[in-house]
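Understanding the architecture of this molecule
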Amino acid sequence: MIEMSAAMNQDKEVQEMLYKLSRIYQGKIFRKNEHFICLKEEMEIVDFYLSLQNSRFGEKIEYSIFYDGGREKYQNLMVPRLSIEPIVENAVCHGLEPKDESGHILVKISESDHVLKIHIEDNGVGFDLEKIVEKKEDKNHSHVGLWNTNKMIRNLCGTEYGLEITSEIGKGTVVVVLLPVRNGENYVEGNDC
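Quick word on the sheet that holds strand S4 (residues 103–112)
- The sheet built from five strands is open, its strands ordered S2-S4-S5-S7-S6 with mixed pairing. Lying at the two open borders of the sheet, with one neighbouring strand each, are strand S2 (61–67) and strand S6 (162–168). Taken pair by pair, the neighbouring strands of this sheet meet at an average axis angle of 10°, ignoring direction.
- Sheet analysis places S2 next to S4, joined by seven bridges and oriented parallel. Note on S4: the bridge partner recorded for Ile61 is Gly103.
- Sheet strands in contact with helix H4 (residues 85–96) are S2, S4, strand S5 (115–122), S6 and strand S7 (172–180), and its direction is about 150° off that of S4.
- Docked against the sheet, helix H6 (residues 144–157) engages S6 and S7, running at close to 155° with respect to S6.

Listed below in structure tokens is the structure:
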């Protein structure tokens, strides 16, 4: 209804933002009973989220998404639902938002030895990983989203999968999401798969 109202008022920018927000909600809320979705669908949620943040912050937050070997190669692969978007959201909220100058997020997808690798890198404020791992404390942020995503992936895919995290204060954070290559050509529940 709000999107239609924006269209009737010929406010294309608001209409487009509302559309993207509704797609994020669809991916996060309305598919909660699905454990796995197509990578294409997960990356749509990521792209909608980053696009909204880019609209919100302007040139302060830029992003790029790269598929090694082309996007088509990965579209039907299955990934745990919300295994990538929360990591990207974490990079924006806790890496780039606190930064005084502009920042960039790179999402790079590749596959090697039957392992799907989603590399999420930001040049944000970073954090001291040793303090977080050893003491499980940080005055500014608990990083619970990272730990919960890692636990979810390991529970669904096995203990050899999950997150690899490196971070340096003042330089940024790199999170590599490791997942099994799982083809979803026979998957029928989602919109496009």
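Some thoughts on the environment of Lys73
- Mapped onto the elements of the fold, Lys73 is located in the loop between S2 and strand S3 (78–80).
- In this structure Lys73 comes out as partly exposed when scored by relative accessible area, which is 45%.
- Note: C-alpha distance between Lys73 and Glu111 (38 residues apart in sequence) is 9.6 Å.
- When residues no more than four places from it in sequence are discounted, the contact partners of Lys73 are Asp68 and Glu111.

A short note on the packing of aromatic side chains
- Evaluated as defined, the whole model comprises one aromatic pair.
- For the pair Tyr67 and Tyr74, a centre-to-centre distance of 6.1 Å together with 40° between the ring planes defines the contact as tilted.
- Of note, Arg182 hangs over the ring of Phe36, and the distance from its end group to the ring centre comes to 3.9 Å.

A word on the nonpolar core
- With 40 residues, the main nonpolar core has Ile118, Ile120 and Val177 as its most contacted residues.
- Looking at this core element by element, the count peaks at six residues for S7.
- Residues in contact with Ile120, not counting those within four places in the same chain, are Ile84, Ile87, Val88, Ile105, Leu106, Val107, Thr173, Val174, Val175 and Val177.

Describing the pairing of S6
- Judged from the seven bridges that link them, S6 and S7 form a sheet pairing that is antiparallel. Residue pairing across strands places Thr166 opposite Val174, the latter belonging to S7.
- Counted between consecutive antiparallel strands, the loop separating S6 from S7 contains three residues, among which Gly170 sits at a positive phi close to 85°.

Observations concerning the pattern of salt bridges
- Scanning the entire structure with this criterion turns up one salt bridge.
- Residues Glu168 and Lys171 are paired through a salt bridge, measuring 3.9 Å at the closest nitrogen-oxygen approach.
- Residue classification places Glu168 among the partly exposed positions, given a relative accessible area of 44%.

As for the packing of helix H3 (residues 39–57) against H4
- Close contact between H3 and H4 brings their axes to 9 Å; oriented N to C, the two are set at 15°. Comparing their axes, H4 and H3 come out roughly parallel. The way H3 lies across H4 gives a crossing that is right-handed. In this structure, H3 uses Glu42, Ile45, Val46, Tyr49, Leu50 and Gln53 to contact H4, whose residues at the interface are Glu85, Pro86, Val88, Glu89, Val92 and Cys93.
- The class makeup of the residues in the contact of H3 with H4 is eight nonpolar, one polar and three charged.

Rules used throughout
Residues numbered from 1 in each chain as written. Predicted model: local features only at pLDDT ≥ 70, side-chain atom pairs only at ≥ 80, totals over all residues. Heavy atoms only, no water. Pairing = 2+ DSSP bridges. Helix = DSSP H or I, 4+ residues; strand = E, 2+ residues; numbered from the N terminus. Axes fitted to C-alpha atoms, helices over the stretch in contact; angles between N-to-C directions. Contact = heavy atoms within 4.5 Å. Buried < 20%, exposed > 50% of the residue type's maximum accessible area, 1.4 Å probe, protein only. Phe/Tyr/Trp six-rings, centres within 6.5 Å; stacked < 30°, edge-to-face > 60°. Lys NZ or Arg CZ within 6 Å of the ring centre and 35° of its normal. Core = buried A, V, L, I, M, F, W, Y, C linked by side-chain atoms within 4.5 Å. Salt bridge = Lys/Arg side-chain N within 4 Å of Asp/Glu carboxyl O. Parallel < 35°, antiparallel > 145°, perpendicular 65-115°, else oblique. Left-handed = near helix turned anticlockwise from the far one by under 90°. Nonpolar A, V, L, I, M, F, W, Y, C, P; charged D, E, K, R; others polar.

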